[in-house]
Amino acid sequence: MTDLERRTPEITVATPADRGRVVDSLVAAFAADPVLTHLFPDPASYPRHAAAFFGHLFDKRVHRGTIWTIGRGASVAIWEPPVPPEPEPADPLATHLPADALARVRAYDAAVHAALPAGPFWYLGVLGTHPDSAGRRWGHAVMRAGLRRAAADGLPAVLETSNPANVEVYRRAGWQVVREVAEPLPTWIMQQPTHLNEAGRR
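This section reports on the structure supplied with the text. (Residues numbered from 1 in each chain as written. Predicted model: local features only at pLDDT ≥ 70, side-chain atom pairs only at ≥ 80, totals over all residues. Heavy atoms only, no water.)

**Details of the nonpolar core**
- Counting 37 residues, the largest nonpolar core has L26, L36, F40, F53, F54 and L97 as its most contacted members.
- Looking at this core, the elements that each hand over two or more residues are α2 (19-29), α3 (34-39), α4 (46-61), β3 (75-80), α5 (99-115) and β4 (122-129).
- Per-element tally for this core: the top contributor is α4, with 7 residues.
- Residue contacts for L26: discarding those within four places in its chain leaves Y46, F54, V76, I78, V126 and G128.
- Core analysis: the next-biggest nonpolar cluster, separate from the first, contains 23 residues, A74, A77, W79 and A150 among them. (Core = buried A, V, L, I, M, F, W, Y, C linked by side-chain atoms within 4.5 Å. Buried < 20%, exposed > 50% of the residue type's maximum accessible area, 1.4 Å probe, protein only. Helix = DSSP H or I, 4+ residues; strand = E, 2+ residues; numbered from the N terminus. Contact = heavy atoms within 4.5 Å.)

This is the structure:
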């Protein structure tokens, strides 16, 4: 066990009861993020639309047991395991977002997924910490929970970020840029090789 792991509060797998705090943390954490400000540029409606967006992501993955949290949602990593997507009878976001915001969400999602590597991998869809808990490296801790699962499966891990400052942060954690996307906004696809996906990292 590393020093960081000894200092980190308990990491738990999110349950539906954690939805409210998880969504609140992510809405606050991503208020200035390039992707979220692109998707929902109006500050007045951002809290409502971002809550619908993150709530949708939470609902899609919570039953898979791949959302790790600290403080029952103060810090959150939403991972997508390498399993076939489940069909949705209708787009739940369509009832919560105006048409222009929904179009931006769909365009961004399509552009990113077209750029993702081929083959199975674990996908880190969202990593965020409430500003009140920032600076404690809890994000690294919940991220590693998914990396351990990827390592157990012998698979790489993949993420994307549109925040240039995050690229170097992720690089220091072992991630490598494997592709760049120009539209609808600059985005970096990053991958952590299988041999780095372990509890202690070499």
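Continuing now.
**Comments concerning the packing of α2 against α4**
- Contact pair α2 / α4: the axes reach a minimum separation of 9 Å and the direction vectors enclose 130°. In this view, α2 runs oblique relative to α4, as classed from their interaxial angle. By crossing handedness, the relation of α2 to α4 is classed as right-handed. When α2 is examined against α4, the residues R19, V22, V23, L26 and V27 are found in contact with a partner set consisting of Y46, P47, A50, A51, F54, G55, H56, F58 and D59.
- In the contact of α2 with α4, the residues fall into 10 nonpolar, 2 polar and 2 charged. (Axes fitted to C-alpha atoms, helices over the stretch in contact; angles between N-to-C directions. Parallel < 35°, antiparallel > 145°, perpendicular 65-115°, else oblique. Left-handed = near helix turned anticlockwise from the far one by under 90°. Nonpolar A, V, L, I, M, F, W, Y, C, P; charged D, E, K, R; others polar.)

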